[in-house]
Amino acid sequence: MARINSAAQLEKVRKDIVLKKDPNKPCIAICGGIGCLGGREDLIRAFEKEIKKQKLEGKVDVRVTGCHGFCAQGPNIVIYPEEICYTKVKPEDAQQIISETVVGKTIVDRLVYIDPNTGEKAVHQSEIPFYKKQVRNILGMNPKIDPKSIDDYLAIGGYSSLAKALLEMKPQEVLEEVKKANLRGRGGGGFPAGLKWETARNAPAELKYVICNGHEGEPGAYMDRAIFQGNPHLIIEGLIIGGYAIGAKQGFIYTRHDMPRLRENIDIALEAAREHGFIGNDILGSGFDFDIEVHLDVGIFVSGEASALMRSIEGKAPEPRPKYTRTAVKGIWERPSNLNNVETWANVPQIIGKGADWYLGIGSEGSKGTKMISLSGNIVNSGVVEVPFGTSLKEIVYDIGGGIPNGKKLKAIHFGAAMGGSLPAELIDTPLDFDVMSKLGAAIGAGGLFVMDEDTSMVEMNRFFLEFLADESCGKCVPCREGIRQMLRILTRMSMGKGKEGDIEALEELCEVGSLASLCALGKTTSSPIYSSLRYFRNEYEASIEDKGCTV
Amino acid sequence: MSDILLTIDGKEVRAKEGMTVLNAAQSSGIFIPTLCHHEKLEPYGGCRICTVEVESRGRTNYVASCLYPVEKNLVVRTRSEKIDKIRKVLIELLLAHAPDSPQLLEMAKEYGAKSVRFGKEPSFCVLCGLCVRYCAEVKKKNAIAFVDQGPKREINFIPEIASKECWNCKECFPLCPTSYLQAAYVLTQGLVGFKNS
Ligand SMILES: Cc1cc2nc3c(=O)[nH]c(=O)nc-3n(C[C@H](O)[C@H](O)[C@H](O)COP(=O)(O)O)c2cc1C
Ligand code: SF4
Ligand code: FES
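Residues numbered from 1 in each chain as written. Chains lettered and ligands numbered in written order. Predicted model: local features only at pLDDT ≥ 70, side-chain atom pairs only at ≥ 80, totals over all residues. Heavy atoms only, no water.

Student: Residues and numbers for the interface of chain B and chain A, please.
Tutor: Taken together, the contact between chain B and chain A spans 33 residues of the former and 31 residues of the latter. Roughly 2,800 Å² of surface becomes buried between chain B and chain A when both sides are summed, with 57% attributable to carbon and sulfur atoms. Among the residues of chain B in contact with chain A, R48(B), Q149(B) and P151(B) are the three that bury the most area, contributing 21% of the side total. Linking chain B to chain A there are five salt bridges. Residues K85(B) and E512(A) are paired through a salt bridge, measuring 2.5 Å at the closest nitrogen-oxygen approach. Our count for the contact surface shared by chain B and chain A stands at 17 residue pairs in polar contact (both at pLDDT 80 or more). Looking at the side of chain B that touches chain A, the elements that each hand over two or more residues are β4 (59-64) and α2 (81-95) of chain B. Here the element with the most residues in the side of chain B that touches chain A is α2(B); it accounts for nine residues. Of the residues that constitute the side of chain B that touches chain A, the class distribution is 18 nonpolar, six polar and nine charged. (Contact = heavy atoms within 4.5 Å. Buried area = accessible area lost by both parts, 1.4 Å probe. Salt bridge = Lys/Arg side-chain N within 4 Å of Asp/Glu carboxyl O. Polar contact = N/O pair within 3.5 Å; in protein donor to acceptor, adjacent residues only side chain to side chain. Helix = DSSP H or I, 4+ residues; strand = E, 2+ residues; numbered from the N terminus. Nonpolar A, V, L, I, M, F, W, Y, C, P; charged D, E, K, R; others polar.)

Here it is in structure tokens:
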């Protein structure tokens with residue numbers, strides 16, 4: 001493939017790809033994501049074998065895509081052009097699917113999803129309640145794309161936002177558009193991306209960096225992996241646009257060391273982007289040079305924290321630094337370094353492509369666009385979903401998530417794992433919104449949503465979080481290291497019903513001191529889940545005090 | 001470079017660019033308690049005893065004064081109800097390790113910390129890192145190091161180096177706020193001797 005040197009050439013290449021694709025040619029899209037277990041090799045091979053056996057080679061395509069999100073019902077497949085959707089597909093089903101659906105154009109009833117509430121069959125994704133209430137601006141591309149094929153991405157308009165930014169807009173205008181769209185960081189804090197970009201852009205330095213945080217260390221969170229593995233070019237395109245706006249010529253991707261298939265897709269995508277001239281010198285004939293390097297994370301939670309991550313990219317141990325100087329001013333090798341989360345970068349191409357005004361039409365007052373959420377815990381439809389900000393938690397848990405299994409009652413909804421907080425069932429009408437939820441003590445975090453039914457003990461849950469943090473804290477500073485040690489001790493005896501008079505007060509004091517005096521954000525937020533559960537479930541803590549004679 | 005003017009406890013203080021709030025306070029005779037700070041060593045920020053309240057651009061934050069760089073018009077408070085509470089709890093957490101430490105007991109008196117708030121921890125070490133950092137930064141021997149992370153973090157003499165270097169140096173012993181470091185070393189020696197025999 002020759003490199004592309006102008007917007008006109010890009011458009012021509014895209015048209016050629018689309019023209020070459022016969023829209024009526026059957027294609028079986030298999031989810032090969034990592035939201036669930038991945039490892040779809042058997043299924044893929046079964047379809048390929050069956051195509052050969054039925055002498056359909058070249059007449060039917062098999063496309064291995066990223067995660068479709070409906071992991072509870074996986075493996076999922078979609079058969080084009082009719083977009084027929086089958087769930088829980090096994091290798092033995094390949095023969096029937098090909099002969100009856102692909103060739104015979106009839107439905108295999110037993111593979112069709114049945115809505116457990118209404119008993120109705122749903123043949124297309126749009127009819128399945130799980131998908132119906134979602135707005136899948138980002139995730140919706142996954143079933144359409146083979147992540148290893150840049151052509152698939154180009155066919156749906158990929159890299160046209162990059163062309164627009166580089167060839168029609170000045171860096172300052174790109175920055176203004178992102179600021180206007182009020183894009184907020186999806187990695188945990190909800191910090192306005194435009195402001196961070198501006199700080200890095202205005203920092204006086206020759207060399208600057210943009211970085212994509214793909215560490216995704218929050219337990220139970222799979223959103224970043226779902227998009228990064230399923231649609232790597234989207235993130236790459238966002239990162240290049242960011243580099244242009246900020247004035248950085250070098251980008252870094254910090255990704256997981258334990259997912260070779262994710263790494264493979266990123267590498268293949270970078271290689272293809274380089275061949276096409278989207279990375280390298282004089283990108284699209286604009287005169288802008290930019291390159292991207294991949295770094296693997298260190299398998300500890302704190303390596304996802306900004307300053308630790310930057311040390312890790314420098315090749316040092318990922319020990320956090322106090323953020324008295326912002327990393328956007330002094331980060332990697334003391335140079336301005338703008339770090340954003342995978343999902344944050346994934347939003348950039350659509351903001352530039354469709355404009356800030358379009359983006360502002362989605363979401364709530366202070367939180368714009370969509371948010372990807374990983375559903376897990378006591379919920380029927382675990383998986384990865386995407387909804388506009390402002391969607392109520394009730395819609396997410398019941399309409400999309402299918403409610404609580406085994407006829408149990410909902411007790412609490414927990415966001416942000418060990419650094420987040422829990423809301424009680426009574427607050428189920430709360431909208432998904434950065435500010436509303438953090439006021440209630442349950443910051444969205446990265447977007448892992450853990451549902452708890454009536455049998456869950458909040459004390460035990462928090463003991464579990466502390467156990468996790470004890471392994472992840474670096475141990476450098478007293479409030480975090482000693483605070484975790486003592487809080488874990490207190491919660492361990494409480495969860496056995498052996499709490500002592502004064503334990504709750506001690507927890508409160510340790511939480512307060514930890515949140516004010518810790519060196520890094522890990523220690524500062526360790527207290528959040530305990531704070532929120534003391535706020536809403538204090539009676540459970542009180543009941544764990546031995547002297548009072550009752551236990552949960 | 002021109003001086004930076006800031007306010008500490010209501011007093012106007014002049015400082016140089018690159019100084020920390022602790023440096024600035026000390027140079028104008030204002031006392032801030034510290035534990036892990038040592039003038040010969042790089043700032044560390046581990047004990048957080050030196051936490052102060054700073055007001056800058058309309059926001060109040062709690063920061064470690066031994067790390068926080070001075071800035072123009074910064075307003076610093078070295079004592080307040082919150083700061084005293086932070087120091088009290090930190091001292092109580094450390095006393096669980098070293099209940100006889102003279103330095104901790106003196107601070108405990110000032111901040112009303114109870115020495116028995118939390119049960120006695122098996123390890124005497126408060127992990128201030130003074131010995132580890134002194135050995136690495138000043139002596140450049142690395143005979144003692146941190147191992148493990150989180151609440152499992154501890155210090156360890158590296159027997160191969162320690163058996164050669166430590167007995168003739170011992171410069172880190174008096175730095176230890178718990179005064180138990182020497183005992184730890186003797187114990188290590190004993191164990192090494194035991195293994196060797
Ligand atoms: C202990 C800790 C772990 C973190 N882990 C991640 C992570 O895995 N992925 C991520 O994007 N941000 C993580 N963060 C947040 C980052 O420090 C940083 O704020 C974020 O990557 C910025 O991107 P955003 O503004 O686009 O959200 C973590 C923060 C802390 C304190
Ligand atoms: S807050 Fe915890 S993780 Fe962060 S520096 Fe302190 S001990 Fe390490
Ligand atoms: S003296 Fe500042 S943190 Fe220890």
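There's plenty left to go through after this.
Student: How would you explain the site of ligand 1 if you had to name every residue and give the values?
Tutor: All names here are of chain A. The environment of ligand 1 is formed by 20 residues, the closest being G187, A306, N340, N341 and T344. A distance of 2.7 Å is found between an oxygen atom of ligand 1 and a backbone nitrogen or oxygen belonging to G187. Note that an oxygen atom of ligand 1 is positioned 3.2 Å from one of the side-chain N or O atoms of K196. Mapped by element, the contributors of at least two residues to the shell around ligand 1 are β10 (337-341) and α20 (521-525). Taken together, the residues of the shell around ligand 1 sort by class into six nonpolar, 10 polar and four charged. (Near = heavy atom within 4 Å.)

Student: How would you sum up the sheet that holds strand β3 (residues 77-80) of chain A? Please name residues and give values.
Tutor: Residues and elements named next belong to chain A. Taken together, four strands build an open sheet; the order of strands is β2-β1-β3-β4 and the sheet is mixed. Each end of this open sheet is capped by a strand with a single partner; those strands are β2 (61-65) and β4 (84-86). Taking each pair of neighbouring strands and ignoring which way they run, the sheet shows an average axis angle of 20 degrees. Judged from the four bridges that link them, strand β1 (residues 27-31) and β3 form a sheet pairing that is antiparallel. Looking at the pairing, I28 lines up with I79 of β3. Lying over the sheet, helix α3 (residues 94-103) contacts β1, β3 and β4, oriented at roughly 40 degrees with respect to β3. (Pairing = 2+ DSSP bridges. Axes fitted to C-alpha atoms, helices over the stretch in contact; angles between N-to-C directions.)

Student: So what's going on with the side chain of S80(B)? Which residues, and what values?
Tutor: Residue and element names in this part refer to chain B. Residue placement: S80 occurs in the loop between β5 (75-77) and α2. A distance of 2.8 Å separates a polar atom in the side chain of S80 from a polar atom in the side chain of E53. Looking at S80, its side chain comes within polar contact range of the main-chain nitrogen of I83, at 3.2 Å.

Student: An account of the domain arrangement of chain A is requested, with residue identities and associated values reported.
Tutor: Residues and elements named next belong to chain A. The domains assigned to chain A are domain 1 (7-144), domain 2 (162-360), domain 3 (370-452) and domain 4 (458-546). With 17 residues of domain 3 at the contact, the number on the domain 4 side is 16 residues. Between domain 3 and domain 4, the buried area comes to about 1,200 Å², and carbon and sulfur atoms account for 68% of it. If you sort the residues of domain 3 by the area they bury against domain 4, K411, A418 and M419 come out on top, with a joint share of 43%. The interface formed by domain 3 and domain 4 contains one salt bridge. Measuring nitrogen to oxygen at the nearest pair gives 2.4 Å for the salt bridge that ties E540 to K411. Taken together, the links from domain 3 to domain 4 amount to five residue pairs in polar contact (both at pLDDT 80 or more). Contributing elements (two or more residues each) for the side of domain 3 that touches domain 4: β13 (410-415), β14 (421-424) and β15 (448-453). Element by element, the count of residues in the side of domain 3 that touches domain 4 is highest for β14, at four residues. (Domains from an automatic or database assignment.)

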